[in-house]
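Listed below, chain by chain, are the residues.
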Amino acid sequence: MRIRRPSHRNAHTFLVHVFGRGLDGDRYVVERFRSRPDGQIHPVEAEQPRAKRGGRKSRRTVVSASEVKKMQPERDEIIICTALNLKASGVQLWGTAASGIAAMRHAR
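Anyway, here's the lowdown on the structure attached to this text.

Quick look at the pairing of strand β2 (residues 27-35)
1) Next: As judged from the four bridges shared by β2 and strand β4 (residues 61-64), these two strands associate in the antiparallel manner. Paired with V29 across the two strands is V62, which belongs to β4.
2) Next: Pairing of β2 with strand β5 (residues 77-83), which is carried by seven bridges, proceeds in the antiparallel orientation. What sits directly across from R32, in β5, is I79.
3) Next: Linking two consecutive strands that pair antiparallel, namely β2 and strand β3 (residues 41-43), is a turn of five residues; a positive phi of about 95° is found at G39 within it.

Listed below in structure tokens is the structure:
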């Protein structure tokens, strides 16, 4: 018999992956994704800005470094912030369900 530990809904645990020079830049492009229980990851389009009429590309969400530091993902969310002025630099924020931190280790 296994005893399941109760999950704390108010816990704010998430995984941070810093790549390149990290948060040395001034402005960052923000992309949001949701992970599904089957392991698939899909972009969140509801919060993305709409493209101009007749335009091909959608506008990007650009925020400052101070706003990036305040971001916290939901349990099933992945936030990727890439610096505009630094090549291949930024941060990824992974929620507990998206990162697999809370995954069962002894799944049958």
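The discussion continues.
Some remarks on unusual backbone geometry
1) Next: One non-glycine residue, A88, lies in positive phi territory at about 50°.
2) Next: Residue A88 is classed as exposed on the basis of its relative accessible area, which comes to 53%.

Quick word on the pattern of salt bridges
1) Next: Summed over all chains, the structure comprises four salt bridges.
2) Next: Its salt-bridge partner being D24, residue R21 comes within 3.6 Å of it at the nearest N-O pair.
3) Next: Take R21: its relative accessible area is 53%, and that puts it in the exposed class.
4) Next: The salt bridge partner of R32 is E77, with a shortest N-O separation of 2.9 Å. Taken together, the positions of R32 in strand β2 and E77 in strand β5 put the pair 45 residues apart, joining distant regions of the chain.

Quick notes on the rules
Within any chain, residue numbers begin from 1 and follow the written order of that chain's sequence. Reporting in this predicted model follows two pLDDT cut-offs: at least 70 for local features of residues, and 80 or more for side-chain atom pairs to be given and counted; totals over whole chains, interfaces and linings ignore these cut-offs and use all residues. Side-chain metrics rest on all non-hydrogen atoms present in the structure, leaving aside hydrogens and water. Pairing between two strands requires that DSSP report at least two bridges joining them. Elements are defined by DSSP. Helices are runs of H or I of four residues or more, strands are runs of E of two residues or more, and each kind is numbered from the N terminus. Accessible area is worked out with a 1.4 Å probe on protein chains only. A residue is then buried under 20% of its type maximum, exposed over 50%, and partly exposed in between. Any carboxyl oxygen of Asp or Glu within 4 Å of a side-chain nitrogen of Lys or Arg constitutes a salt bridge here.

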